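# A look at the structure
Okay, here's what each chain looks like letter by letter:
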There are 2 protein chains.
Amino acid sequence: MVPTPGPPARRARRGRRPKGRGDAREDILRAALHEFARRGYEGASVREISRGARVDPALVYHYFGDKEGLFVESMRAQMHPPSEGEVPAKGSRSERAERVVRAFLDRWGGRGEPTPLLALMRSASSDPEAAALVRDLFARQIVPWAAASLPSGDIDRSVALIGSTLFGVAFLRYIVRLEPLASASAEDLGRWIGPALLRYMTESLD
Amino acid sequence: MVPTPGPPARRARRGRRPKGRGDAREDILRAALHEFARRGYEGASVREISRGARVDPALVYHYFGDKEGLFVESMRAQMHPPSEGEVPAKGSRSERAERVVRAFLDRWGGRGEPTPLLALMRSASSDPEAAALVRDLFARQIVPWAAASLPSGDIDRSVALIGSTLFGVAFLRYIVRLEPLASASAEDLGRWIGPALLRYMTESLD
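Residues numbered from 1 in each chain as written. Chains lettered and ligands numbered in written order. Predicted model: local features only at pLDDT ≥ 70, side-chain atom pairs only at ≥ 80, totals over all residues. Heavy atoms only, no water.

## Looking at the overall build of chain A
Put simply, the rule reads: Numbering of helices and strands runs from the N terminus, with a helix taken as a DSSP run of H or I at least four residues long and a strand as a DSSP run of E at least two residues long. Working definition: with a 1.4 Å probe on protein chains only, accessible area under 20% of the residue-type maximum means buried, over 50% means exposed, and in between means partly exposed. In what follows, a contact means two residues having at least one pair of non-hydrogen atoms within 4.5 Å. Accessible surface area values rest on a Shrake-Rupley calculation with a 1.4 Å probe, where residue burial reflects the displayed protein chains alone.
A tally of helices and strands in chain A yields 10 helices and 0 strands. Starting at the N terminus, the α and β elements of chain A follow one another as α-α-α-α-α-α-α-α-α-α. In chain A, which comprises 206 residues, the proportion classed as buried is 51%. Counting only contacts in chain A whose residues sit at least 6 apart along the sequence, the fraction spanning at least 24 positions is 69%. In the structure as shown, chain A presents an accessible area of about 9,700 Å², 50% of it carried by carbon and sulfur atoms.

## A short note on a negative patch on the surface
Residues and elements named next belong to chain A. The test is simple: In this scheme, patches are assembled from residues that exceed 30% relative accessible area and form no salt bridge. Like charges are connected within 9 Å, while nonpolar side chains (Val, Leu, Ile, Met, Phe, Trp, Tyr) are connected within 5 Å. For salt bridges, the criterion is a side-chain nitrogen of Lys or Arg within 4 Å of an Asp or Glu carboxyl oxygen. The charge count includes Lys and Arg as positive and Asp and Glu as negative, but it does not include His or the ends of the chains. One atom stands in for each charge, and that atom is NZ of Lys, CZ of Arg, CG of Asp or CD of Glu.
Together, Glu42, Asp66, Glu68 and Glu129 make up a negatively charged patch on the protein surface. Topologically, Asp66 is positioned in the loop between α4 (57-64) and α5 (67-79). Here Asp66 falls in the partly exposed class, since its relative accessible area comes to 38%.

## Re the domain arrangement of chain A
All names here are of chain A. We apply this condition: What marks off one domain from the next here is an automatic or database domain assignment. We define buried area as the total accessible area lost by two parts upon association, computed with a 1.4 Å probe and summed across both. Within 3.5 Å is the distance limit for a polar contact, defined as a pair of N or O atoms, with the added protein rule that one can donate a hydrogen and the other accept it, and that residues adjacent in sequence qualify only through two side-chain atoms. In this count, Pro and Cys sit with the nonpolar residues alongside Ala, Val, Leu, Ile, Met, Phe, Trp and Tyr, while Asp, Glu, Lys and Arg are called charged and the others, Gly among them, polar.
Examined at the domain level, chain A breaks down into domain 1 (8-76) and domain 2 (81-202). Contact with domain 1, which involves 14 residues of that partner, is made by 15 residues of domain 2. Interface area for domain 1 against domain 2, summed over the two sides, is near 1,300 Å², with a carbon-plus-sulfur share of 67%. Summed over the shared surface of domain 1 and domain 2, the number is 4 residue pairs in polar contact (both at pLDDT 80 or more). Ranked by the residues each element gives to the side of domain 1 that touches domain 2, the list is headed by helix α2 (residues 21-43), at 9 residues. Grouping the constituent residues of the side of domain 1 that touches domain 2 by class yields 7 nonpolar, 2 polar and 5 charged.

## Section: the relation of the copies chain A and chain B
The cut-off we apply is this: The copies are overlaid by a least-squares fit using only the C-alpha atoms of residues whose pLDDT is at least 70 in both copies.
Expressed as a screw operation, the relation of chain A to chain B combines 0.0 Å of axial shift with a rotation of 180 degrees, fitting to an RMSD of 0.0 Å. Taken together, the rotation and translation describe the operation of a two-fold axis. No C-alpha of chain A approaches the rotation axis more nearly than that of A:Gly168, which lies at 1.8 Å. Most of the interface of chain A is mirrored in chain B: 100% of its interface residues are interface residues there too.

## Some thoughts on the pattern of salt bridges
Within the structure shown, the criterion is met by 16 salt bridges over all chains. A:Glu35 is the salt-bridge partner of A:Arg38, the closest N and O atoms lying 4.0 Å from each other. Of the two residues, A:Arg38 and A:Glu35 are both situated in helix α2; the distance of 3 residues between them amounts to about one turn of the helix. Relative accessible area serves as the criterion here: at 49%, A:Arg38 is assigned to the partly exposed category. Residue B:Arg30 is joined to B:Asp27 by a salt bridge in which the shortest nitrogen-to-oxygen separation is 2.8 Å. With a gap of 3 residues between them, B:Arg30 and B:Asp27 both fall in helix α2 (residues 21-43), about one helical turn apart. Taking relative accessible area as the criterion, B:Arg30 reaches 54% and is therefore assigned exposed. Given the relative accessible area of 14%, B:Asp27 is considered buried. In this structure, a network of salt bridges that share partners links the residues A:Glu35, A:Arg38 and A:Arg39.

## Some words on the interface of chain A and chain B
Taken residue by residue, the interface counts 39 residues in chain A and 39 residues in chain B. Here chain A packs against chain B, burying approximately 3,200 Å² in sum over the two surfaces, 70% of which is carbon and sulfur. Per-residue buried area on chain A facing chain B is highest for A:Ser125, A:Phe171 and A:Trp192; these three make up 18% of the total on that side. Counting the contacts that link chain A with chain B gives 0 salt bridges. At the surface where chain A touches chain B, the tally comes to 8 residue pairs in polar contact (both at pLDDT 80 or more). For the side of chain A that touches chain B, the secondary structure elements donating two or more residues are α7 (115-126), α8 (128-149), α9 (155-175) and α10 (186-202) of chain A.

Quick look at the structure:
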């Protein structure tokens, strides 16, 4: 990191726009994702993030407590489970599987660089603490949602296997850019990996 | 990186043991994996790798040409497809799927830290050049093997989907350490993800 001229606090203040409460929070989350994607969890700094969001670093601490809180919150915003609108509880199994694939793709690779995915994979693979935070997100966020919408059974396992299917595709599609995954449509992907997802969503695996 | 005292060439020479041709090459590959896992492709240096292998840097260039050649070779050694012994061409479909899972686990997570996997995921997710090398490995190494052992069809797609299944499990098992994937046996994993692998290995997906 190259030191920038001038006191950082003043630079941040100078660049700051008047913002509503929600705007600033959103800007911080967006800047955090970008910074975690670029440098990974360990390399990212709250100072750099607040500069990217054009807010005072104190505001970051005010909203998120510390870098760990900020990482969890920026990931949580991307890992929130599909809503009822995205994946209706009714509908055929294959429709639902395709919807899960589509919800995931919209969230992680909608436009351009899949920043959240890069942030997560780079952070987790370079830092055990970030990996632990991802684990917590699964336990606190994804599993409770799944428990309400998947049939009974080993929910932890179902969630882990669904997650592994989606992460694996995302790694080869967005990071390695391996064909034909890289340029497949959501429909293609739904058809290819849908049956595996469906099985994890609906069947006993033993 | 902290500069070490004394001229590096002399240090390397001092630590060097007499080695057979194959030994030194193996030592370099091992040290390279370790270094790529620690620092990613961009951050790793041939100097540091030769120090780890206790050989003169010139020998690294002699064997592998440059850092790119060394990366490709150290990954290739880990990505070579399962041998006939590991995954017999005969055998039931479910046996073969379980053998593929087992061959992958042996190679990537046999003992302790899954260094090759970390090296690959960290390098690819932090560096487009490393991602391109991984892509090349698929095209030059994995696909030709698969073409000889999978039924006809879209081989690129089958290989990509098999790869995505294994990488996804590996990411959650070794990096995030998410249960129950983290402590599952190869048998469990074969039972859970085997059907998906089998489908990619044997069925038309259209």
